[in-house]
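# Tertiary structure, described
Each chain is listed here by its residues.
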Amino acid sequence: MKKKEEVTITFYAAECGEFHDLGEYTKCRTLEEAYKKYQKYCRTSANMCPAIEFSIHDPDSIYSDMEYPLPLSSKDRGDLELVPYYNEHPLVNEAIRQVEQLQKQQEKKKHRDVAR
């Protein structure tokens, strides 16, 4: 009996979320690493629309290994809703929760830095 492959998720940081060839496009080991690169791109190349993207690796899905933007705000969630497989996927929803936490931590850090 063949062992079923585990479904996983990979993250990418894109300097230009729309046209990857226009800037750096980096495969990251973790969402935190992708978020840090994304923040760097926002500081250095904001006009290029930096993004974090993900890819689900699921041999049973037609969406396997395709890259798709990770929503970084509630207004971006509409794009995710266009693909129910992604919108309902537990790994994607966990990544969204993690990004929200990273953004909250960043906001707290900004407020602490301003208060100094």
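Preceding this paragraph is the structure being described.
## A closer look at unusual backbone geometry
- Here cysteine 49, not a glycine, exhibits a phi torsion of approximately 60 degrees, which is positive.
- With respect to the helices and strands, cysteine 49 occurs in the loop between α1 (31-44) and β3 (51-57).
- A relative accessible area of 53% places cysteine 49 in the exposed class.
- Of note, aspartate 65 is a non-glycine position whose phi angle comes to about 70 degrees, a positive value.
- Its place among the elements puts aspartate 65 in the loop between β3 and β4 (67-69).

## Considering α1
- Helix length check: α1, at 14 residues, gives a terminal C-alpha distance of 20 Å against a target of 20 Å (1.5 Å per residue), a fit within 8%.
- Turning to α1, its buried residues are Leu31, Ala34, Tyr35, Tyr38, Gln39 and Tyr41. Take α1 and look down its axis: the buried residues cluster within an arc of 160 degrees, on one side only. Opposite the packed face of α1, turned more than 90 degrees from it, sit the exposed residues Lys36, Arg43 and Thr44.

What counts and how
- Residues numbered from 1 in each chain as written.
- Predicted model: local features only at pLDDT ≥ 70, side-chain atom pairs only at ≥ 80, totals over all residues.
- Heavy atoms only, no water.
- Helix = DSSP H or I, 4+ residues; strand = E, 2+ residues; numbered from the N terminus.
- Buried < 20%, exposed > 50% of the residue type's maximum accessible area, 1.4 Å probe, protein only.
- Expected span 1.5 Å × (residues − 1).
- Arc of directions from axis to C-beta.

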